[in-house]
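Structure at a glance
Letter by letter, the chains look like this.
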Amino acid sequence: MTDYLIYEPVIGLEVHAQLLTNSKIFCSCPAEFSVEPNVHVCPVCLGHPGVLPVLNKKAVEFAVMMGLATNCKINQYSVFARKNYFYPDLPKGYQVSQYDKPLCSGGYFKILNSEGKESRIGVTRIHLEEDAGKLIHDSGFGSSVDVNRCGTPLIEIVSEPDIRSAEEAVRYLNGLRQVLQYLGICDGNMEEGSFRCDANVSVRLQGTQELGTKTELKNMNSFRNVEKAIKYEIGRQIELIGEGKPVIQQTLLWDPDEELALPMRGKEDAHDYRYFPEPDLMPVTITDEWLNEIKFQLPELPETRKSRFIENYGLPVYDSEVLTSSKEIADYFEELASNLSDYKMASNWVMVEVLGKINELKLSINQFPVPAVNLSRLLYLIIDGTVSNKIAKEVFTEMMASGADADEIINKKNLIQISDAGQIQTIIENIVRAHPGQIKEYIEGKEKVFGFFVGKVMKETGGKANPKIVNDLLLKYLLKLRTQSE
Amino acid sequence: MSVTIEQVKYTAALARLQFSDEELVKLSEDLNQILKYMDKMNEIDTSDVEPLSYPVDVRKPLREDEVLPGVTREEALRNAPEHDEKFFKVPKVINQS
């Protein structure tokens, strides 16, 4: 039997992130997705002869932002290069990318490894490049080409082979995506392909330094598939080595239905890309002044925000992690908390009620029907005693359904909490009188009956009685009855 | 430095060019002439000269991120040898690059 534990997986990831610019990287066509094919096109992205690319300033800034966020050196002189290959989704016959002088290099990104310890994954480089178009293979004899995506700006983030398990790979990917979203430079949608990942996988004996033969995994379009594909490939390579067979260096395509990685068909010499400096584009020069401007614009990153949530709001680590998992959720929480004094209460409401609903309905927080300011008012009404926590949850459900605000619902449905001690005392006395059997049991020492009476009072008041006052008054009254009977 | 006929053939294949045997011989000779000239230039010691990617030191202005209209789909498809109402049509390809 093969002993899997004597082998150590060595994984490096290549991540492509589509940048959220308005226009394409080298021309002024819209970069946004279009259902209609071949409508976001011009002579530049169609690859017509004689046209000249002009670099989008924003794309450079976005790439630099990601470089800064991953502790990279920003190369103030970087060069575009042509990567030459023939494929119909690439009208020019080459992709404009960067080769030996990328925009960013030599960074790192921190993740928690499988033992829960902090681990640094090296970021070899981040470079700018243009995306290719799309091919559709459905129709009879030929293939259909859609050029809309040609020239959409991408950054490629290449990691060092520092990742040691499929789980770590997913953590690294998740972390990168979170940062991209915080920076607002990529929407991070793996299923729709705006965030893509290829993995280089090899295995070696634990404790050895030399790298084994690697394979490249492609076509993993979800976090789940990345994890499954890498696990599969690690297992396959270990079994091969265990049987004394060689691992062949090749590209494998993950088949999510069969859960198999199969060799990609095609000649390996197709990978002779003959990179050379792109003569149509000048080198990218980033002045100190520009770099400082970009640094200044850099928003707060997830790590920093998490620490701030722990310190400023006094929230537990777990809460802070959940609340800062996305920028939008963190923004929602902060807007909510800005009008309240009880931050933990705000945190509980976001984590349990808001995120619970969002997950259940598969919404993003931006689509959530209750704005933070409205929820804030509801929580304020709990704190000042206008409604009970229990009633507030009903009001919240109603707010989601109707979009009405808390005060409106509370007034309309007459849900204001009854905190008037005299009124509650009268209700208690009436209920006790109506249940002589139960009161006898209580007097005889059956404490459980207390809960029965609480339930009755709440029912009588439609759940509106202030639970604390009900508890206090009821206990006082019942104990009095018990003492009197002795 | 020099190239063999095999190397010329390989390079031609990468560029999707096809040559007759006579042409390959002629091309190899031409290329070797050029390479010989390169060798001549390589005799100069450039060990302490920075490689130059661009002959002129011009900082090309960048473009602001603004959308401008391109061409219509009809115009885009007009020059294509094969197309339908929406797509460019090419011979079927299955290999991915």
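Structure: above.
Residues numbered from 1 in each chain as written. Chains lettered and ligands numbered in written order. Predicted model: local features only at pLDDT ≥ 70, side-chain atom pairs only at ≥ 80, totals over all residues. Heavy atoms only, no water.

From N to C terminus, chain A includes 15 helices and 16 strands. Taking 23 Å as the expected radius of gyration for a compact globule of 486 residues, we find that chain A reaches 31 Å, considerably beyond that expectation. Expressed as lengths along the three principal axes of its C-alpha atoms, the size of chain A is roughly 100 × 60 × 55 Å. The buried share among the 486 residues of chain A stands at 51%. Put simply, of all contacts in chain A between residues at least 6 apart along the chain, 69% involve residues at least 24 apart. Total accessible area computed for chain A in this model is approximately 23100 Å², and 52% of it derives from carbon and sulfur atoms. Both charge centroids of chain A, one from 53 positive and one from 68 negative side chains, sit 4 Å from each other. (Helix = DSSP H or I, 4+ residues; strand = E, 2+ residues; numbered from the N terminus. Rg over C-alpha atoms; globule rule 2.2 N^0.38 Å. Buried < 20%, exposed > 50% of the residue type's maximum accessible area, 1.4 Å probe, protein only. Contact = heavy atoms within 4.5 Å. Areas by Shrake-Rupley, 256 points an atom, 1.4 Å probe, with all protein chains shown as cover. Lys, Arg positive; Asp, Glu negative; His and termini not counted. Charge placed at Lys NZ, Arg CZ, Asp CG, Glu CD.)

Residue and element names in this part refer to chain A. Packing of helix α13 (residues 436-443) against helix α14 (residues 449-460) leaves a shortest axis separation of 9 Å and a crossing angle of 145°. Together, Q438, I439, E441 and Y442 of α13 and V449, F450, F452 and F453 of α14 make up the contact between the two elements. When the residues that make up the contact of α13 with α14 are grouped by side-chain class, the tally is six nonpolar, one polar and one charged. (Axes fitted to C-alpha atoms, helices over the stretch in contact; angles between N-to-C directions. Nonpolar A, V, L, I, M, F, W, Y, C, P; charged D, E, K, R; others polar.)

Residues and elements named next belong to chain A. Structurally, N466 can be placed in the loop between α14 and α15 (467-485). What makes N466 buried here is its relative accessible area of 14%. Among the polar contacts made by the side chain of N466, one reaches the main-chain amide nitrogen of K468 at a distance of 3.0 Å. If we skip the residues at most four places from it in the chain, N466 touches Q417, I418, S419 and I424. (Polar contact = N/O pair within 3.5 Å; in protein donor to acceptor, adjacent residues only side chain to side chain.)

A general trend in soluble globular proteins is that nonpolar side chains are found buried together. Counting 69 residues, the largest nonpolar core has L13, M66, L128, I155, Y172 and I230 of chain A as the members making the most contacts within it. Ignoring any residue separated from it by four or fewer positions in sequence, one finds I155 of chain A in contact with V15, H16, A17, L19, A63, M66, I126, H127, L128 and L180 of chain A. (Core = buried A, V, L, I, M, F, W, Y, C linked by side-chain atoms within 4.5 Å.)

Our focus in this paragraph is the sheet that holds strand β5 (residues 94-98) of chain A. Residue and element names in this part refer to chain A. Sheet architecture is open: three strands sit in the order β5-β4-β15, paired in antiparallel fashion. Each end of this open sheet is capped by a strand with a single partner; those strands are β5 and β15 (276-277). With two bridges connecting them, strand β4 (residues 80-84) and β15 associate as antiparallel partners. Looking at the pairing, R82 lines up with F276 of β15. (Pairing = 2+ DSSP bridges.)

Any functional reading would require information that these geometric values do not contain.
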